[in-house]
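Coordinate inspection notes
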Amino acid sequence: MAVSAVNLQSLKKSKDLLCIVILALIAILAFISRLLSVVRFESVIHEFDPWFNYRATQYLVNEGFYKFLTWFDQVSWYPLGRVVGGTLYPGIMITSGIIYKVLHFFNFNIDIRHICVFLGPVFAGLTSIATYLLTSEVCTKSAGLFAAAFVAIAPGYISRSVAGSYDNEAISIFLLMITFYFWVKSVKTGSSFLAACTALFYFYMVSAWGGYIFIINLIPLHVFVLLLMGRYSKRLYVAYSTFYVLGTIGSMQIPFVGFQPATTAEHMAALGTFGLLQIVAFASFCRDQLPSESFKTLLKRALIVIFIIGITGFIVLQRLHIIDPWTGRLYSLFDTGYAKKHIPIIASVSEHQPTAWPSFFFDLHILVPMFPVGVYFAFKKLTDENVFIILYSFTAAYFAGVMVRLMLTLTPIVCVTAGICMSYLFDNFLGYKKSKATVVKVEETEEVLSGNESTPESPVSPKINSPKINSPKMTNSPKIHNKLKKSEHNSQKQDNSESPSITFEIKLIVTLSLLLVFCMYVWHCTWVTSNAYSSPSIVLASRNRDGSQHIIDDFREAYYWLRQNSAEDAKIMSWWDYGYQLAGMTNRTTLVDNNTWNNTHIATVGRMLASNEENAYELLRKHDVDYALVMFGGAIGYSGDDINKFLWMIRISENVYPEQVKEENFYNSRGEYRVDDSVSPTLRDSIMFKMSFYRFKDLYPNNQAFDRVRGTTVYSKPIQLTIMDEVYSSENLLVRIYKIKKPDNIGRSLQSAAVFNSGRRRKRNRKSRKYKQQKIDD
Amino acid sequence: MKTLFLFTLIIQFTSFIFAKSNSLSGNRILVVLDNIEDKSNYSIFFKSLEDRGFDLSYSSASDDKLELIKFEESLYDHLVLLAPETNYYENDVGPKQIIEFIDKGGNVLLAANENTGSTTQDLLYEFGSVVDEAKFNVIDNFVHNSTTSSVLALDKLEIPISSDELEAPILYSGTAIKFKGKNPYSKPLLVAGPAAYSWDNSAVNKDPLVTGSNIVLVNTLQAVNNARIIITGSTKMFTDEFIESPVKINDKTYEKSGNLDFITNISKWTFQEKKVLKVISSKHHKVGETERPEYYTIKNNMHYEIELSEYNDGIWQPFNATDIQLELIMLDPYIRTTLKQQPITNPTSSTFSIDLIIPDHCGVFTFKVDYRRYGLSWILEKDVIAIHPLHYNEFPRFLGEGLPYYFGAFSMLGGFIIISILALYHEDDTKKNTDTVTSSKKEKEVAATEKKKN
Amino acid sequence: MKIINSLKYFIPLFSLFCWNVFALSKKEKSEKIEELLAKSSDNFINLNEKYYDLLINTPRDYHTILLATATNPQFKCEPCRELLPEFLNVANSWDPNDKRVYFAILDYQNGKNVFKQLKIQNVPNILHFRPSDGVVKPDFYDLPRNGLGAEELIQFVIKKTGVEFELQRPTDYTQYIYYGFIVVALIISIKIVIQYFKEIIVNKRSWMILTVSIIFLMISGFMWVHIRHPPNSGVSHGNVEFFISGFQQQYAVESQIILIIYILIAFSFLYLSDKVQKVKNAHLLRITVYVVLAILLVCFSLILRIFFIKSQAYPFKLLF
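Residues numbered from 1 in each chain as written. Chains lettered and ligands numbered in written order. Predicted model: local features only at pLDDT ≥ 70, side-chain atom pairs only at ≥ 80, totals over all residues. Heavy atoms only, no water.

Under the annotation held in an unreviewed UniProt entry, chain C carries the name Thioredoxin domain-containing protein and is attributed to Piromyces finnis. Under the heading Subcellular location (unreviewed entry), UniProt records this for chain C: "Endoplasmic reticulum membrane". The UniProt entry for chain C carries this comment under Sequence similarities (unreviewed entry): "Belongs to the OST3/OST6 family." (UniProt positions renumbered as here; feature names shortened; annotations may be inferred.)

By the naming in an unreviewed UniProt entry, chain A goes by dolichyl-diphosphooligosaccharide--protein glycotransferase and is assigned to Piromyces finnis. The UniProt entry for chain A carries this comment under Subcellular location (unreviewed entry): "Endomembrane system". UniProt, in its Sequence similarities (unreviewed entry) section for chain A, records the words "Belongs to the STT3 family."

Details of the UniProt feature "transmembrane region" (unreviewed entry) in chain C
All names here are of chain C. Here, the residues flagged by UniProt with the feature "transmembrane region" (unreviewed entry) are residues 176–194, 206–227, 251–272 and 284–308. Helix makes up 100% of residues 176–194 and strand 0%. Its end C-alpha atoms lie 27 Å apart. Counting secondary structure, residues 284–308 comes out at 100% helix and 0% strand; the distance between its end C-alpha atoms is 36 Å. (Helix = DSSP H or I, 4+ residues; strand = E, 2+ residues; numbered from the N terminus.)

Details of the interface of chain A and chain C
If you look at the interface, chain A gives 64 residues, while chain C gives 59 residues. Across the interface of chain A and chain C, roughly 5,700 Å² is buried in total on both sides, 74% from carbon and sulfur atoms. Taken together, the connections running from chain A to chain C amount to 2 salt bridges. For Glu-505 of chain A, the salt bridge goes to Arg-286 of chain C, with nearest N and O atoms at 3.1 Å. Looking at which element gives the most residues to the side of chain A that touches chain C, the answer is helix H26 (residues 504–533) of chain A, with 12 residues. (Contact = heavy atoms within 4.5 Å. Buried area = accessible area lost by both parts, 1.4 Å probe. Salt bridge = Lys/Arg side-chain N within 4 Å of Asp/Glu carboxyl O.)

Observations concerning the pairing of strand E7 (residues 627–631) of chain A
Residues and elements named next belong to chain A. Along E7, 5 of the 5 residues are buried, which leaves the element largely enclosed by surrounding structure. By the alternation rule, side chains of E7 split into Tyr-627, Leu-629 and Met-631 and Ala-628 and Val-630, which are all buried. Where strand E5 (residues 571–573) lies against E7, 2 bridges are found, and the strand directions are parallel. The residue of E7 that forms the bridge with Met-573 is Ala-628. (Buried < 20%, exposed > 50% of the residue type's maximum accessible area, 1.4 Å probe, protein only. Pairing = 2+ DSSP bridges.)

Structural notes on the packing of helix H5 (residues 91–105) of chain A against helix H6 (residues 112–138) of chain A
Helix packing for two helices is described by the angle between their axes and how far apart those axes are. All names here are of chain A. Axis separation between H5 and H6 bottoms out at 10 Å; the angle between their running directions is 115°. As far as their axial angle goes, H6 and H5 are roughly perpendicular. Handedness of the H5/H6 crossing: right-handed. Touching Ile-92, Thr-95, Ser-96, Ile-99, Tyr-100 and Leu-103 of H5 are Ile-112, Ile-115, Leu-119 and Phe-123, all from H6. Looking at the contact of H5 with H6 residue by residue, the class counts come to 8 nonpolar, 2 polar and no charged. (Axes fitted to C-alpha atoms, helices over the stretch in contact; angles between N-to-C directions. Parallel < 35°, antiparallel > 145°, perpendicular 65-115°, else oblique. Left-handed = near helix turned anticlockwise from the far one by under 90°. Nonpolar A, V, L, I, M, F, W, Y, C, P; charged D, E, K, R; others polar.)

Structure representation (structure tokens):
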């Protein structure tokens, strides 16, 4: 032993060095693999929400933090305006703002846009590091490296963090992992400093993404389960108390969150667990003090009673509306049919749909089947941190099943568990260095043991069985079941005897085949990234017959047209999907946008689009609308256009205006939603339909007009638009912009004025005269 | 003497050359007649116009040099259409072009008669009124000139657009105009008496289009761009014959009809010589400031004032009113209040102002003065400005109600510090010390350790 | 809604046969209605064609809510059977002595011609006749969108008639007893379980099986199936197809197949990473490892193949 000590030290050093190098490479890889969109197209902000974040960041950088904090945005949600400061998560803007300031302090004059574009990839690199830390905390370093490598290129995460998708999720996955890392570590060591770090990053997370709810429920769940397993310890107590108090105070500093931690149901679990923990702590303390059996049983009863009282009290308070009930989005997670019935605006968003299995495979590929195996290992050695891993896997799996969007939170934990699985596997099949490596580990652990009272359990350490290790463990955490330890013992014994019997050629073959599998994984990830996730949906690409790429840039074309040709204070009406882009690119006033905070206003816009010309004109005048903008994909087959979204608009506005808008009127007599000659009259008169198909058939000779999205011929009679003029249609007719007419100068209705201008003479008072004659006759 | 005469002559001559009408929108008038000879019938009327400084150019509807708009520019400022009977004008000067002329700000005085041509009918239809069929006359057996019943003599205006009353009745002979009532900007000026009806002697079996005081004789219309339009059913009104002829209405006789007076009034109104309003300035600011702020904050005190001036016969004078209203609108009006007229300081204008408190609701508001009164030109003054909520540093700090909380917080802080000091600096073996440090944020724990120690 | 296509064949040509057959005076009419009302145990009138005309096609000052249904088993109209009690709930919550609204039920085999008259193509259907003199066009209650619930129905009735009234469901105390019993049983069972099956509860293996199996269900898309209720398997020109192409939908059977494949792969990983250590015999070890590897690769390439079916653009494949 003493002999090998020296080269063990050197070995240890080189091992760490290697580890660091690999990790750095992984981080760089994570960064690079997300640049495809920039390479393909250009360094541009992607789809919808990022445009607002980008705009907000610009505001922050130009106007300073305090003005940003109380920013009243009068350009959006006209005429209501939006109190932006109070209705957004400022984390991502502040992050890039700080980066911007720092760089400029060092005279790197980088445009804020580039920072915004590349923020996602940078944080992806950090995420892989955080994942490494977390995994190596619950398992070995090698597992950590595997996990980092997986998460670096996992499509499920790339989808939200490619260059240009400047969205909250881009940074918050990193925050998620780092928070969990610190949490696990603080539970392990019981240091209140680490717990404070957890709280700090939790605060950062709260400022960055609404998904912080996941943390603030998962961690208490972890604590609660540990308590149920009878694993209460001072470490747990310190960690959670520190985390909860600091974290809550921190989270209350975000204006958008405000007092929710004290009032809303989502946060009550954390509060309850906190209280419970105090009681348990007190109980265990008393137990240490007075060792009478009867008193202990009394305590146990008391605990149960208090627990039940707490639950009932919570329910009562919620009934009395002292505690706000769950928000619709969250509620729809548990009652899966809820959203569709009550909140169409949530159900209308495609990423709130449940997840079919292809999505799982598409986003995680081979990691999917590894996932349960990793969980199995977590169960096999049931330490506190593994309990956490299990809970995380379980909840994340459920949520991802319910909502496609939450695939995002599932991805990291899948990578972690897969990493664990792989590390075990390769411990078996690349086991040359194993003995030495583990010896190193043993020594580490010994060093740790001497100082700290808790044991960081590494999966390899028990393999060479040293009573030195097990004995302190027993003394420290006596509540681990004897079974567990027994199983470990005998498994360890077998390992010693059997491990050499895996011959070289087996190792070779297994390794090669697994390498093959991983190559497939890498190919898959690259393919997915390049084909699915790195197209900025604001610029569309299509392939010509010769395979060359054809860029469809209608959106920006149209937005720039507006920017150039409309008045500074023009008000533009469109469906809310395009609000952020309009505000970001045209710098004009919009009525509604993707921050759907006011359902009524959105419903009003829906009602405008759904109603016929006269009614629409009143509403448009009331809202001072100057331009109306619709997306029409019929010409090039862009399926995400407004006619396809129209039914959702109708549903949303029917929720608010059940009298004025009725969904069934938009289906024709056979109950179908058609745009050809069998179109329902209500739909035909709605300005949405008119704006979409206005003069569409003039593109085609002799009435051959064909809608390539709906796959039908279009309504064959000419469409009259009297309340607005077509001012612009983009190259592929994808975006159509109309200017709302002013009321007629000499007080005619716009319809009659239009008829007059079209030159057709109208029959005059004869009608009234005839009518009178009839009355005279009979 | 002679020189003096010469001098005055020159004066008159120059004044004639440089004659300038009182019209605000220029003094080029185009008179369109059915055929150019009719000109002599209206000599008095035209003379009066020329005396008021307009330069008239005459054209017959069938004249191929007839032009109204050239190169997007209207060649005249006012239009007198005394050519009802022509069906189609030359050079497609039709309803379309005339309405375009109006949209460009031109004023129109239009007269129909018993057999109105299609052009005029179309035009009238666009103005929201309809003339009766050909050969239909307005007849009133009670209020008519003694000689013939088909010549009405009316002595009261429906809604006077000019303050002054008629001293002699107006002679009217022509077709009936039915006001469809759809057009919000149009108002009848002169209507027939209750016993009037529209009648065609030749075709007896038809019943009249309109009867009684539904018969509109003279109709006014003021477009959104304040272009003014007069519609009347009788060309004869303007003829010298009617102007000159004496009136005998139930045993009261006037040696001269009131037509000229009336025509002068309405033509003055039509050609923007009177009853023209304009906004000289409008401004709003916080009380105690002078500049328009970038935005208001809820519950600010603000001051709004608007300066108006009225034009009558060549002079700008203060406009007096008590019914000018200011609206603060966000979808719906949040505040609608009447502006108070300030004592007149400026001889040409008058100021209306008010102090008010901004509504307690943030949003983008429109401050709007929308003043439409019959006869006066329309005033629309609007300004869009945002009303912000309180900013982070504008909330009141240290409320009285909050005292218990402050006390609680600070006492908690103090207690925490004291107890941690106690916990840290009292004699104990190291083991427990670490314990208390790690879990020192709960006094309970600490107290416990102390208890344990004793 | 079960569409009765056969309807049009059944109906005899003399469809508008019964119009104002017998014109009763107002008084006897109301008596007649009362009598009809009295005939049924609940607060509704069981109509046939002539009663229909009596109730509807005559001058009247009351609203009528008509349930057009087909209880005859030959139609196998499941919704009809579900809707009936709900409808009766609404009807019974209306005060029978209040003459402003009448509830009526018209069964198909009693009123074929009426069905033809009203152009009712599918059952069940709920119609509202507003008070008028003679025939009125009824307005239909939108069953497909509002569902069969009594709450929505009563909202409809209130909206149409403008008369506020509460929905009174017959309160059955058996339910409460039932729940109480459940709760007690639960508590007792929990106690028993804690006493006797302590091992199983405390045993982490059971928990592991639970968790892992649920995770398996989730990742193989059972939640989607649970929410969307897709068909079990489809038929494409003649032969049964198990995999529907397209990314966002799937058959129910797909999830099961995928589940099995995943389990196999997971098992092989598990074997290689954990169980392999327990194998004592070297030959056995070699063979098992090869077998397991074979399983792994086959299943994996199978998944790839299936995924290719789902999205045709997918370029990668292994083995086959």
